[in-house]
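Structure at a glance
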Amino acid sequence: MKLYSKEEARHMLCRYHNLDGAEALCGKKGVEKIMQRIHSIQYDPLNVVARNADLVLQARVRDYKESDLYNLLYKEHKLVDGFDKEMCIYDSGDFARFRFVRNEYHKHIVPTLEHRNQMGVLEILDDVRDFVKEHGMTGTKDISIGEVRESRWGHKKLSSAALDYLFNKGELCVADKRGTQKYFDLTERVLDVKDFQCDQNMTIENFLEWYIERRIQSIGFLWNKPGGGWQGRFLSEKETRSSILQTLLEKNKINEIQIEGIKESFYISKNFQEYMKYQGSNGYARFIAPLDNMIWDRKMLEVLFDFTYSWEVYTPVAKRKFGYYVLPVLYNNQFVARFEAEPVRQAGEFVIKNWWWEPGIEPNDNMTEMIIQEMERFAEFLQINNSPKNIIKL
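Residues numbered from 1 in each chain as written. Predicted model: local features only at pLDDT ≥ 70, side-chain atom pairs only at ≥ 80, totals over all residues. Heavy atoms only, no water.

1. Some details on the pairing of strand β7 (residues 181-186)
- Of all six residues that make up β7, five are buried, and the element is covered over most of its length.
- In terms of strand pairing, strand β5 (residues 138-139) meets β7 through two bridges, oriented antiparallel. Pairing of Gly 139 across the sheet is with Tyr 183, part of β7.
- Where strand β6 (residues 172-178) and β7 come together, six bridges link them in antiparallel fashion. Along β7, the bridge assignment pairs Asp 176 with Tyr 183.
- Between β6 and the antiparallel strand that follows it, β7, lie two residues; Gly 179 among them carries a positive phi value of about 70 degrees. (Buried < 20%, exposed > 50% of the residue type's maximum accessible area, 1.4 Å probe, protein only. Helix = DSSP H or I, 4+ residues; strand = E, 2+ residues; numbered from the N terminus. Pairing = 2+ DSSP bridges.)

2. Describing the packing of aromatic side chains
- Counted under the stated rule, the structure contains 30 aromatic pairs.
- Seen from their ring centres, Tyr 90 and Phe 98 are 4.4 Å apart, and the 25 degrees between their planes marks the pair as stacked. Phe 98 matches Tyr 90 in its accessibility class, with the two residues each being buried.
- Relative to Trp 210, the ring of Phe 98 lies with its centre 5.7 Å away and its plane at 80 degrees, an arrangement referred to as edge-to-face. Within this pair, whereas Phe 98 is found in the loop between β4 (87-91) and α5 (99-107), its partner Trp 210 is found in helix α11 (residues 204-219), the two being separated by 112 residues in sequence.
- Here the aromatic residues Tyr 64, Phe 287, Phe 339, Phe 350, Trp 355, Trp 357, Phe 378 and Phe 381 are joined through ring pairs into a cluster of three or more.
- The residue whose ring lies beneath Arg 178 is Tyr 183, and the NZ or CZ to ring-centre distance is 4.0 Å.
- Lying across the ring of Phe 167, Lys 182 places its NZ or CZ 6.0 Å from the centre. (Phe/Tyr/Trp six-rings, centres within 6.5 Å; stacked < 30°, edge-to-face > 60°. Lys NZ or Arg CZ within 6 Å of the ring centre and 35° of its normal.)

3. Remarks on the environment of Tyr 43
- Tracing the backbone through its elements, the reader meets Tyr 43 in the loop between β2 (40-42) and α3 (52-58).
- Note on Tyr 43: relative accessible area 16%, which makes it buried.
- In the structure, Tyr 43 is positioned 81 residues away from Ile 124 in sequence and 29 Å away in space, judged by C-alpha atoms.
- Residues within four places of Tyr 43 in sequence aside, it is in contact with Arg 51, Met 87, Cys 88, Ile 89 and Lys 177. (Contact = heavy atoms within 4.5 Å.)

4. Observations regarding unusual backbone geometry
- The backbone of His 77 shows a phi angle near 55 degrees, a positive value even though the residue is not glycine.
- Along the chain, His 77 turns up in the loop between α4 (66-75) and β3 (79-83).
- Judged by relative accessible area, which is 18%, His 77 ranks as buried.
- Phi is positive for Asn 332, which is not a glycine, with a value near 45 degrees.
- Structurally, Asn 332 is set in the loop between β12 (326-331) and β13 (334-341).

5. Re empty space enclosed by the protein
- The final tally for this structure, using the stated rule, is one cavity of 30 Å³ or more.
- Approximately 80 Å³ is the volume attributed to the largest cavity.
- Contributing to the lining of the largest cavity are Asp 81, Gly 82, Phe 83, Tyr 90, Phe 95, Arg 102, Phe 167, Asn 168, Gly 170 and Leu 172.
- Listing elements by their share of the lining of the largest cavity, those giving two or more residues are β3 and α8 (158-169).
- When residues in the lining of the largest cavity are grouped by element, the largest group, three residues, is from β3.
- Counted by class, the lining of the largest cavity contains five nonpolar, three polar and two charged residues. (1 Å grid on protein atoms, 1.4 Å probe; cavity = no way out; pocket = protein on both sides within 12 Å on 5 of 7 lines; lining within 4 Å. Points joined across faces, edges and corners; volume = space filled by probe spheres on them. Nonpolar A, V, L, I, M, F, W, Y, C, P; charged D, E, K, R; others polar.)

In structure tokens:
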């Protein structure tokens, strides 16, 4: 079992995610290439500086624009919305395999409808299917069938809940999204037939091997401890996970490595090493999304990077240690700071209202220069023209 220092492990992880910018991944083609590597990005609708998925991609892909992701999702349908870790964005070629996950979600739909006093959804499914089949892309505002006046949660219209039901089953796909409003259509009209029908003979055992190896690839490497890295259907079950990890080792599909100072071993995909051929840059800084793949497992983040991060969006104001929507700052494989920005769409500019250096960090000229360059790059991604001296407002 190969042994790495923490410094080497951090370098490998940042290199794998192209956070050092060593690979010239650019624009839409760059998005496609990084998605082939990490497979999945967690979706979250909050848009304070930008949405999580866009923040993940801008940190890895040069000249990235939000339209690149939109086009891949809703024009070309090479990517698709679906449940993975949570609601995620992933390659449409994985859609058929994810029927196992959709089936698990489906098992919980009826009890949920019963709890929400929405059992009438089951009686209108054919009507909603027929409506979508006839009218094409359908949003919740386009269809009104049934009402649940006494429901205290979620949709007031049964037809809206029915759209979600059919989406969770895989009968409908998100064909377009305008802001946070989803528009559904029949899956066979959205996805390529090969994506819709592939791997029909895959067994649950085949799926679990594929899924666990894929999750390792989504992060880079991962230990066998409970946490955000293994969040989701099937993967959170340690007994199943441990058994499949052993099978993957025996089949020589993954390797086991050790990192100095950490008792647990880590699992790494066979294809990980191919990304090590690129030489890292002489210096870089990146602003990291709150739900970035590399920090899915917060405990692993803490032991590898000596960086503790909690997304405080849902934390009561009085209990927040930092702020509402705080982004970590990565510099040369080390987390050196975090910041909270003013809501960009409201302010019309990129302004940092709070900046916190990590304990023990003493900024030098190179660090300052790299962070200023990243501020400029980030403002360009946001399509906002303001200089670094106008960005920090402390």
